[in-house]
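# Overview (structure and organization)
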Amino acid sequence: MIGLISATAAGAVARDRVAAAWPDRTRVYEGPVGDAVRAAFAECEQLVCFLATGAVVRLVAPLLADKSSDPGVVCVDEGGRFAVSLVGGHGGGANELAREVGALLGAEPVVTTATDSVGLPGLDTLGFPVEGSVATVSRALLDGEPVALEAEFAWPLPPLPTAPKGAYTIRLTDRDVAAAEREVLLRPPSLVVGVGASRGAPADEVFGLVEAALRDAGLSAKSVAHLATVDAKAAEPGIVATAERLGVPLVTYSAEELAGVEVPNPSDAPLAAVGTPSVAEAAALVGGGELLVPKRKSAASPAMATCAVVRRPGRGRLAVVGLGPGARDLLTPRAEAELRRASVLVGLDQYVDQIRDLLRPGTRILESGLGAEEERARTAVAEARAGHAVALIGSGDAGVYAMASPALAEASDDIDVVGVPGVTAALAAGAILGAPLGHDHVSISLSDLHTPWEVIERRVRAAAEADLVVTFYNPRSRGRDWQLPKALAILAGHREPTTPVGVVRNASRPDEACRVTTLAALDPATVDMMTVVTVGNTATREIAGRMVTPRGYRWQTGSQEQEDAK
């Protein structure tokens, strides 16, 4: 919950805007400001104070205890111009909250945390537990000192400017070891604990078994991702309590699913009880991985619990990102977040140049030229399979004549794939032209490098006969100068010579050019590969210099009037 506190009418206006936008996330604290701040500090995970920064400093200073548990505090001036991350930038989430509040109010977020200021991810913001000399190693990264990354297994980390060797170390491990001097331990959620239990098994027995299994194997409980068991034991109190004490979710599987998992130590007892020859080992191994602790029983007599521990593979992550038509303000926030999250960027060199400044230090860039689309797709998938966080970029929307299709054709279910939509060339051109896509429309690429012309021509004829607005991608190049005239001739057989045609070159870029002409007047020689050509349907009109295709609600209104007249 986010506590909202203000002292003046001006502050209350901004406060109420935030409360209205986030009704389920916020609570307004009324009354004397000092009492409100103290109450919110004790009851909320975060605070937004619409007060002078000095006043907030004095009010929260006596309340601060530990940065790992203190709520994040954001201060917004009463004019709503700045949203300052004051306390708990990382641990309390104040940095991100300042950005969110700034976006909501049109205020400038002010973040002074050193790592955020230079684009480095904070070591305590990577999404899993961290131990050791966080401040010391972070300072070394900021100062450009050589910091070594020692990963005991592959895991999709964000970019970090590390070196092969260094006096400082970031160590990715699920082992129960202590951090050395000048070392940070990152604890990824790499362990799955499978558990089985007889009815009524005491919680202390189940938890003690799991704790001992991890300790004896030299594994850290902080790297346990979840407990896993059979559906029939989903409500078993001892198992439920163990998951709660470890602070991890409980995941269950059907007996049929567990019976299909090959295990080293099957048994007749669980088969008779719940319908599968293995619960602990099978539940831990459902997603694959390395069995670190085979099935072991609790020490009680008779033993009422079993467990097994598996290290699951770190699944690589492939984000297929659409960059939009070129203008920076048409790059979506989600796309920008994925670019900053990726430790490996794969893309066409000219597209990489567009967003190079957004990449975090340490990002590995794999760029290539035109014509290497399939190679880029294979490279991106291979990097993800190696356990990296990868962003594969394309212009417009990555799923429209871009990189998503070849990448997903190459990828299998051994990696996580995320699609990030972008503004397509057709949409960018349509917005510039007016509203040419107001009714049914189709996009057709005239490039016959990958599609036979006979297929393209058949699609153009179908669009012409169906009276669809048509947007032509890849309309004309030096080596392909006859396809566009041919396509226009096909459309001309079904539409008037005066049909509006929009021609947009480099939509949204500094050298953008746009004109509206007609089907008869368009000169194909004025079109190139940087151009999108939009041909209207029989209803499209030019109104005040803009292309407009009516949405066509008139027929619905007329039909209703006829019904009313009956």
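Refer to the structure presented above.
Each chain carries its own residue numbering, running from 1 in the written order of its sequence. Predicted model: local features are reported for residues with pLDDT of at least 70 only, side-chain atom pairs are reported and counted for 80 or more only, and whole-chain, interface and lining totals are derived from all residues. Excluded from the side-chain calculation are hydrogens and water; included are all heavy atoms of the structure.

## Some remarks on the side chain of arginine 495
Our working definition: Starting at the N terminus, helices and strands are each numbered in turn, a helix being any DSSP run of H or I of at least four residues and a strand any DSSP run of E of at least two. In the analysis that follows, any N or O atom pair within 3.5 Å is treated as a polar contact, provided that within protein one partner can donate a hydrogen and the other can accept it, and provided that, for residues neighboring in sequence, both atoms belong to side chains. Contacts are assigned to residue pairs that have any heavy atoms within 4.5 Å of one another.
Here arginine 495 lies in the loop between helix H18 (483-492) and strand E24 (500-505). Within the local environment of arginine 495, its side chain forms a polar contact with the backbone oxygen of alanine 463, the two atoms lying 3.2 Å apart. In this structure the side chain of arginine 495 is engaged in a polar contact, spanning 2.7 Å, whose partner is the backbone oxygen of glycine 536. Residues contacting arginine 495, with those up to four places away along its chain left out, are Ala463, Ala464, Asp467, Leu468, Val469, Val470, Leu519, Val535, Gly536, Asn537 and Thr538.

## Comments concerning the nonpolar core
Defined as follows: Residues grouped as a nonpolar core are buried Ala, Val, Leu, Ile, Met, Phe, Trp, Tyr and Cys residues, joined through side-chain atoms within 4.5 Å. Accessible area is worked out with a 1.4 Å probe on protein chains only. A residue is then buried under 20% of its type maximum, exposed over 50%, and partly exposed in between.
Ranked by size, the top nonpolar core spans 22 residues in total, and within it Val193, Leu214 and Leu227 carry the most contacts. Only strand E11 (191-197), helix H7 (203-216), strand E12 (224-230), helix H8 (237-246) and strand E15 (305-311) provide two or more residues apiece to this core. Counting residues per element, this core draws most heavily on H7, which supplies six residues. Beyond its immediate chain neighbours, meaning those up to four positions away, valine 193 contacts Val210, Leu214, Val224, His226, Leu227, Ala228, Cys307, Ala308 and Val309. One finds Ile456, Val460, Leu488 and Val503 within the second-largest nonpolar core, a separate group that totals 21 residues.

## Quick look at the pattern of salt bridges
Selection criterion: Put simply, a salt bridge is a Lys or Arg side-chain nitrogen that is within 4 Å of an Asp or Glu carboxyl oxygen.
For the structure on display, the rule yields 26 salt bridges. Linking arginine 245 and aspartate 204 is a salt bridge whose minimum nitrogen-to-oxygen distance equals 3.0 Å. Pair noted here: arginine 245 is in helix H8 and aspartate 204 is in helix H7, with a separation of 41 residues, a long-range link. A relative accessible area of 48% places arginine 245 in the partly exposed class. Across the pair aspartate 353 and arginine 356 runs a salt bridge, and its minimum N-O distance is 2.6 Å. We classify arginine 356 as partly exposed; its relative accessible area is 34%. Within the structure, one salt-bridge network assembled from shared partners comprises Arg15, Asp16 and Glu30.

## Topic: the side chain of glutamate 131
Of note, glutamate 131 is situated in strand E7 (residues 130-132). Within the structure, glutamate 131 has its side chain in polar contact with the side chain of arginine 187 (distance 3.0 Å). Looking at glutamate 131, its side chain comes within polar contact range of the side chain of lysine 222, at 3.3 Å. Apart from residues lying up to four places away in sequence, glutamate 131 is in contact with Val177, Glu183, Val184, Leu185, Arg187 and Lys222.

## Observations regarding the packing of aromatic side chains
Two measures describe an aromatic ring pair: the distance that separates the ring centres and the angle between the ring planes. The condition is simple: Aromatic contacts are taken between Phe, Tyr and Trp rings whose centres are within 6.5 Å, Trp giving its six-membered ring; a plane angle under 30 degrees counts as stacked, one over 60 as edge-to-face, and the others as tilted. Charge-over-ring contacts are defined here by two conditions on Lys NZ or Arg CZ: a distance within 6 Å of the ring centre and an angle within 35 degrees of the ring normal.
Considering all chains together, one arrives at three aromatic pairs under this definition. Residues tyrosine 401 and tyrosine 473 carry aromatic rings whose centres are separated by 4.7 Å and whose planes lie at 50° to one another, so their mutual orientation is tilted. With tyrosine 401 in the loop between strand E19 (389-394) and helix H15 (404-410) and tyrosine 473 in strand E23 (residues 469-473), this residue pair connects regions lying 72 residues apart in the sequence. On the numbers, 5.0 Å between centres and 70° between planes, the contact of tryptophan 453 with tryptophan 482 is edge-to-face. Residue tryptophan 453 is located in helix H17 (residues 453-465), and its partner tryptophan 482 is located in the loop between E23 and H18; the two are separated by 29 residues in the primary sequence. Given the relative accessible area of 10%, tryptophan 453 is considered buried. On the basis of relative accessible area, tryptophan 482 is assigned to the partly exposed category, the value being 42%. Its guanidinium or amino end placed over the ring of tryptophan 22, arginine 25 lies 4.3 Å from that ring's centre, counting from NZ or CZ. Sitting over the ring of phenylalanine 207, arginine 245 keeps its end group 4.0 Å from the ring centre.

## Some words on helix H14 (residues 373-385)
Since the α-helix advances by 3.6 residues per turn, residues separated by three or four positions end up pointing in the same direction. The cut-off we apply is this: By this rule the span expected of a helix is its residue count minus one, scaled by 1.5 Å. By construction, the arc corresponds to the directions joining the helix axis to the C-beta atoms.
The terminal C-alpha atoms of H14, which comprises 13 residues, lie 19 Å apart, in line with the 18 Å expected from a rise of 1.5 Å per residue. All of the buried residues along H14 are Arg376, Ala377, Ala380, Val381, Glu383 and Ala384. Buried residues of H14 fall within an arc of 160° about the axis and therefore sit on the same side. Looking at the buried positions of H14, the neighbouring elements they touch are strand E16 (317-322), strand E17 (344-348), strand E18 (364-368), E19 and H15.

## Considerations on the environment of aspartate 174
For aspartate 174, the position within the fold is in the loop between strand E9 (168-172) and strand E10 (183-186). The sequence separation of aspartate 174 and arginine 187 amounts to 13 residues, and the corresponding C-alpha distance is 5.6 Å. Look past the residues within four positions of aspartate 174 in its chain and what remains in contact with it is Glu152, Phe153, Arg187, Ser190, Leu191, Gly218, Leu219, Ser220, Ser223 and Arg311. In this structure the side chain of aspartate 174 is engaged in a polar contact, spanning 2.7 Å, whose partner is the side chain of serine 190.

## Let's talk about the sheet that holds strand E22 (residues 441-445)
Note the threshold: For two strands to be treated as a pair, DSSP must find no fewer than two bridges joining them. Inter-axis angles, ranging from 0 to 180 degrees, are taken between N-to-C directions of lines fitted to C-alpha atoms, where helices are fitted over the stretch in contact.
Read from one edge to the other, the open sheet built from five strands follows the order E22-E23-E26-E24-E25, with strand pairing classed as mixed. In this open sheet, the two edge strands, each paired with only one partner strand, are E22 and strand E25 (513-518). Within this sheet the neighbouring strands show an average axis-to-axis angle of 20°, counted without direction. Sheet topology places E22 next to E23; five bridges connect them, and they run parallel. Bridging across to E23, serine 443 finds its partner in threonine 471. Lying over the sheet, H17 contacts E22 and E23, oriented at roughly 160° with respect to E22. Those strands touched by H18 are E23 and strand E26 (531-535), and its axis lies near 175° from that of E23.

Interpretation in functional terms is not warranted from these geometric data alone.
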